[in-house]
Amino acid sequence: MEDYLRVGVIANTHGVRGEVKVFPTTDDPARFKKLKQAFIDMGKTKKEVEIKKVSFFKNMVILGFKDIDDINLVLPYKGHDLLVTRENAVPLEEGEFFICDILESTCYLEDGTEYGILTDVLQTAANDVYVIRKKKDGKEILIPGIPDCILDVDVENKKLTVNILKGLED
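Here the structure is a predicted model, which means the values were calculated and not measured.

Novice: Explain the pattern of salt bridges here, please?
Specialist: Side chains that carry opposite charge are capable of pairing whenever their charged atoms lie near each other. The final tally for this structure, using the stated rule, is six salt bridges. We note a salt bridge from Arg6 to Asp81, for which the minimum N-O separation is 3.7 Å. Within this pair, whereas Arg6 is found in strand E1 (residues 4-14), its partner Asp81 is found in strand E6 (residues 81-85), the two being separated by 75 residues in sequence. You can call Arg6 partly exposed: its relative accessible area is 45%. Between Lys134 and Glu169 there is a salt bridge, and its shortest N-O distance comes to 3.6 Å. With Lys134 in strand E9 (residues 128-134) and Glu169 in the segment after strand E12 (159-162), the pair connects residues that are 35 residues apart, well separated along the chain. Here the salt bridges do not stand alone but share partners, grouping Lys134, Asp137 and Glu169 into one network.

Novice: Explain the sheet that holds E1 here, please?
Specialist: The strands that make up a sheet are held in pairs by hydrogen bonds between backbone atoms, and each pair lies either parallel or antiparallel. Pairing within the closed barrel is antiparallel, and its six strands lie in the order E1-E2-E5-E4-E3-E6. Pairs of neighbouring strands in the sheet enclose a mean axial angle of 50°, with direction left out of account. In this structure, strand E4 (residues 46-57) lies alongside strand E5 (residues 60-65), joined through six bridges in antiparallel fashion. Paired with Ile51 across the strands is Phe65, a residue of E5.

Novice: I'm lost on the pairing of E6 in this one. Help?
Specialist: Counting buried positions along E6 yields four of five residues, so the element is predominantly enclosed. Note that E1 and E6 share five bridges and pair antiparallel. Looking at the pairing, Gly8 lines up with Leu82 of E6. Bridge count between strand E3 (residues 37-41) and E6: two bridges; the pairing is antiparallel. Counterpart to Ile40 in the pairing with E6 is Leu82.

What counts and how
Residues numbered from 1 in each chain as written. Predicted model: local features only at pLDDT ≥ 70, side-chain atom pairs only at ≥ 80, totals over all residues. Heavy atoms only, no water. Salt bridge = Lys/Arg side-chain N within 4 Å of Asp/Glu carboxyl O. Helix = DSSP H or I, 4+ residues; strand = E, 2+ residues; numbered from the N terminus. Buried < 20%, exposed > 50% of the residue type's maximum accessible area, 1.4 Å probe, protein only. Pairing = 2+ DSSP bridges. Axes fitted to C-alpha atoms, helices over the stretch in contact; angles between N-to-C directions.

Keep in mind that these numbers describe shape and distance, not what the molecule does.
Shown next, in the form of structure tokens:
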């Protein structure tokens with residue numbers, strides 16, 4: 001399991017005082033109100049930042065960082081992921097999981113036949129969509145993340161049990 005979880009992407013600067021616009025990638029953007037510390041993924045390194053100001057504008061979160069008060073200091077962060085440690089993540093409810101914890105899970109059909117590997121989860125307005133690379137031919141199939149299709153998620157063993165509804169493979 002990953003030590004850091006992405007909660008947003010720094011989309012742009014905001015004003016000239018070192019604030020940034022963050023596109024939230026979390027289910028609950030309000031979580032930023034309680035967030036005090038985060039990390040900016042700079043590739044090989046992670047820069048720790050202390051959050052001193054949070055506001056919201058349309059679908060974005062505006063963040064101000066302690067000791068960063070100039071636009072030139074935040075320009076290098078544009079386009080980079082904003083991360084939190086697993087300890088600072090929003091607590092999960094029963095049956096919930098982080099998407100990053102199930103990626104690369106082996107997918108099985110109800111009868112136990114290995115079907116493929118989960119390569120991505122697309123988040124849409126209606127429901128999540130699971131992208132599975134089929135073992136048989138390497139092609140991708142999109143499966144809606146609904147109880148009729150995703151029968152079981154075993155995070156610990158990285159195993160999914162799926163039901164391929166008629167018409168999904170056409």
